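Fold and contact review
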Amino acid sequence: MIIKPGQTIGIIGGGQLARMMCFEAYKLGYKVCVFANNDDSPAFDVTDNKIMGDYGDQKLIDKFIDSVSVVTFEFENLPYETLTYIEKKILMRPTSRSLYISQDRIREKSFINKLGVNTTDYQQINNLSDFNRGVEEFNYSALLKTARLGYDGKGQFNINEKSNIAEIYHQALEHNVPLVLEKKVDFVKEISIISARDSNGNIVCYDAVENIHKDGILRKTIAPANIEEHIKNKAKTIAKKIVEGLDYIGILAIEFFLDKDDNLLVNEFAPRPHNSGHYTIDACYHNQFEQAIRAVAGLPVMSTKQHSKAEMINLIGDDILQAETLSDNSLIKIHNYNKKQIKTNRKMGHYTKIPLPEGEVR
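Residues numbered from 1 in each chain as written. Predicted model: local features only at pLDDT ≥ 70, side-chain atom pairs only at ≥ 80, totals over all residues. Heavy atoms only, no water.

**A short note on the overall build of the chain**
In terms of regular secondary structure, the chain is built from eleven helices and 17 strands. The C-alpha radius of gyration computed for the chain amounts to 20 Å, which stays within 12% of the reference 21 Å derived for 362 residues, consistent with globular compactness. Principal axes of the C-alpha set define a box for the chain whose edges measure 60 × 60 × 40 Å. Looking at the chain as a whole, 54% of its 362 residues are labelled buried. Here the contacts in the chain between residues at least 6 apart in sequence split such that 61% fall between residues at least 24 apart. With an accessible surface of roughly 16,600 Å², the chain has 45% of that area assigned to carbon and sulfur atoms. Across the chain, the mean location of the 45 positive side-chain charges is 3 Å away from that of the 48 negative side-chain charges. (Helix = DSSP H or I, 4+ residues; strand = E, 2+ residues; numbered from the N terminus. Rg over C-alpha atoms; globule rule 2.2 N^0.38 Å. Buried < 20%, exposed > 50% of the residue type's maximum accessible area, 1.4 Å probe, protein only. Contact = heavy atoms within 4.5 Å. Areas by Shrake-Rupley, 256 points an atom, 1.4 Å probe, with all protein chains shown as cover. Lys, Arg positive; Asp, Glu negative; His and termini not counted. Charge placed at Lys NZ, Arg CZ, Asp CG, Glu CD.)

**Comments concerning the nonpolar core**
Ranked by size, the top nonpolar core spans 59 residues in total, and within it Ile 12, Tyr 30, Phe 64, Val 71, Ile 86 and Tyr 279 carry the most contacts. At six residues, the largest contribution of residues to this core is made by helix H1 (residues 16–27). Residue contacts for Ile 12: discarding those within four places in its chain leaves Phe 35, Tyr 55, Phe 64, Val 71, Thr 72, Phe 73, Glu 74, Phe 75, Leu 78, Leu 83 and Ile 86. By size, the runner-up hydrophobic cluster in this structure holds 26 residues, among which are Val 117, Ile 231, Ala 239 and Phe 269. (Core = buried A, V, L, I, M, F, W, Y, C linked by side-chain atoms within 4.5 Å.)

**Overview of the sheet that holds strand S1 (residues 8–12)**
One open sheet holds the four strands; their spatial order is S3-S2-S1-S4, and the pairing between them is parallel. One side of each edge strand has no neighbouring strand; the edge strands of this open sheet are strand S3 (49–52) and strand S4 (70–73). On average, each strand axis in the sheet is inclined to that of its neighbour by 20°, with strand direction left out of account. Pairing analysis gives five bridges linking S1 to strand S2 (residues 31–36), with the strands arranged parallel. Looking across to S2, one finds that Gly 10 is bridged to Cys 33. In the packing of H1 onto the sheet, contacts are made with S1, S2 and S4, and the angle to S2 comes to roughly 165°. Along the sheet, helix H2 (residues 58–67) contacts S1, S2, S3 and S4; its crossing angle with S3, the most-contacted strand, is approximately 165°. (Pairing = 2+ DSSP bridges. Axes fitted to C-alpha atoms, helices over the stretch in contact; angles between N-to-C directions.)

**With respect to the sheet that holds strand S6 (residues 142–146)**
The strand order across the open sheet built from four strands is S5-S8-S6-S7, with neighbouring strands paired in antiparallel fashion. The two strands at the open ends of the sheet, each matched to only one other strand, are strand S5 (122–125) and strand S7 (156–159). Across this sheet, the average inter-strand angle for adjacent strands is 20°, counted without regard to direction. For S6 and strand S8 (residues 179–183), the ladder comprises five bridges, and the chain directions are antiparallel. By the bridge assignment for S8, Leu 144 is matched with Leu 181. Here helix H6 (residues 128–137) sits on the sheet and contacts S5, S6, S7 and S8; the angle it forms with S5, its principal contact strand, is near 165°.

**Here's the deal with the environment of Asp 282**
Residue position: Asp 282 is located in helix H9 (residues 280–283). A relative accessible area of 12% places Asp 282 in the buried class. With 24 residues separating them in the primary sequence, Asp 282 and Gln 306 have C-alpha atoms 9.3 Å apart. The contact partners of Asp 282, leaving out residues within four places of it in the chain, are His 307, Lys 333, His 335, Thr 352 and Ile 354. Within polar-contact distance, the side chain of Asp 282 engages the side chain of His 335 at 2.9 Å. (Polar contact = N/O pair within 3.5 Å; in protein donor to acceptor, adjacent residues only side chain to side chain.)

**Description of the environment of Gln 58**
With respect to the helices and strands, Gln 58 occurs in helix H2. Each C-alpha atom, one on Gln 58 and one on Arg 148, is 24 Å from the other, the two residues being 90 residues apart in sequence.

**Examining helix H8 (residues 229–246)**
Taking 1.5 Å per residue as the helical rise, H8 with its 18 residues ought to reach 26 Å, and the 26 Å between its terminal C-alpha atoms agrees with that figure. Among the residues of H8, Ile 231, Lys 232, Ala 235, Ile 238, Ala 239, Ile 242, Val 243 and Leu 246 are the ones counted as buried. Axial view of H8: buried residues confined to an arc of 135°, hence all on one face. Of the surrounding elements, those touching the buried residues of H8 are helix H4 (96–102), helix H5 (105–114), strand S9 (187–197), strand S10 (203–205), strand S13 (250–259) and strand S14 (264–270). (Expected span 1.5 Å × (residues − 1). Arc of directions from axis to C-beta.)

**Observations concerning the pattern of salt bridges**
Any two side chains of opposite charge can pair, so long as their charged atoms come close to each other. Applying the stated rule across the entire model yields 15 salt bridges. Close ionic contact of Glu 24 with Lys 27 constitutes a salt bridge, the shortest N to O distance being 3.2 Å. Placement of the pair is Glu 24 and Lys 27 together in helix H1, with a separation of three residues, close to one helical turn. Look at Glu 24 and you get buried, because its relative accessible area is 7%. Since its relative accessible area comes to 63%, Lys 27 is described here as exposed. With a shortest N-O distance of 2.6 Å, Arg 272 and Glu 76 are connected by a salt bridge. (Salt bridge = Lys/Arg side-chain N within 4 Å of Asp/Glu carboxyl O.)

This is the structure in structure tokens:
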């Protein structure tokens, strides 16, 4: 099914990803309706049709469905029941199945392993005895994570020989969700790959990028990653396998650990545009948000060719106050999400730096 220009694409969630999807939808001639649960949602600034309220509100859900021709979503922490209800009433791309799998680290890793793809070693933790055994098996080098609702380092507990195991376990229990213990990986780089698949089954992948994190939050993406060509190709092969396994339509981001033996271990995937793909706006002929809208609308995905090397740097919290100073550099493109309140560890914007060709002076 192809959604024609002039029709309305519905986006659930109103954060910066939805905001940037709106920009691309309008370029392609579509209208957008954003359904979000916060009146300060950044996407509300750039759409003429919005619905604000609880994601479980039946009347609002029905109103949203009646307002659009197709539905997509911009983040994972949504009620699965809401998406399955919407899916029964109207076309949704990607499907609720991809969200269901990605919402739970245990389901996610199990799904990936069944495809014959390696992940980090992990154990489901049901009680304190499980936790103690797992920590010993992983030689006190592990991370205890909430299996659900964790992002940007939230719901993660570092384990080492000095850790108070019982105290950490009871702290994690306060999140009231299942727990998973992951063995730490001695990795050389963290990389990710953005893939897109359209309704005709065509798959395209951007080159792998290198990601630098601090306190569980992405700080910088280097595009493309400085890795061997065979590793880039291996990452694309894995991405295609996961996309096809999900029978996916849309943008899918996959994060990997690269170890010293050139093995790729999947950390997690995200069924939406991804922070590490923001560089595509300024460094590629077709960016990840355009690809997302095209796939949702039933249009073919486009080339992932990168015309410039790039670095993407997140503006976290007070970093956004640097924006005016950064504007003095003509080789930097600033993207301010216009969030009303600056908070510690909150992604307020990002900028993309395009390095000069060797020998050229600005």
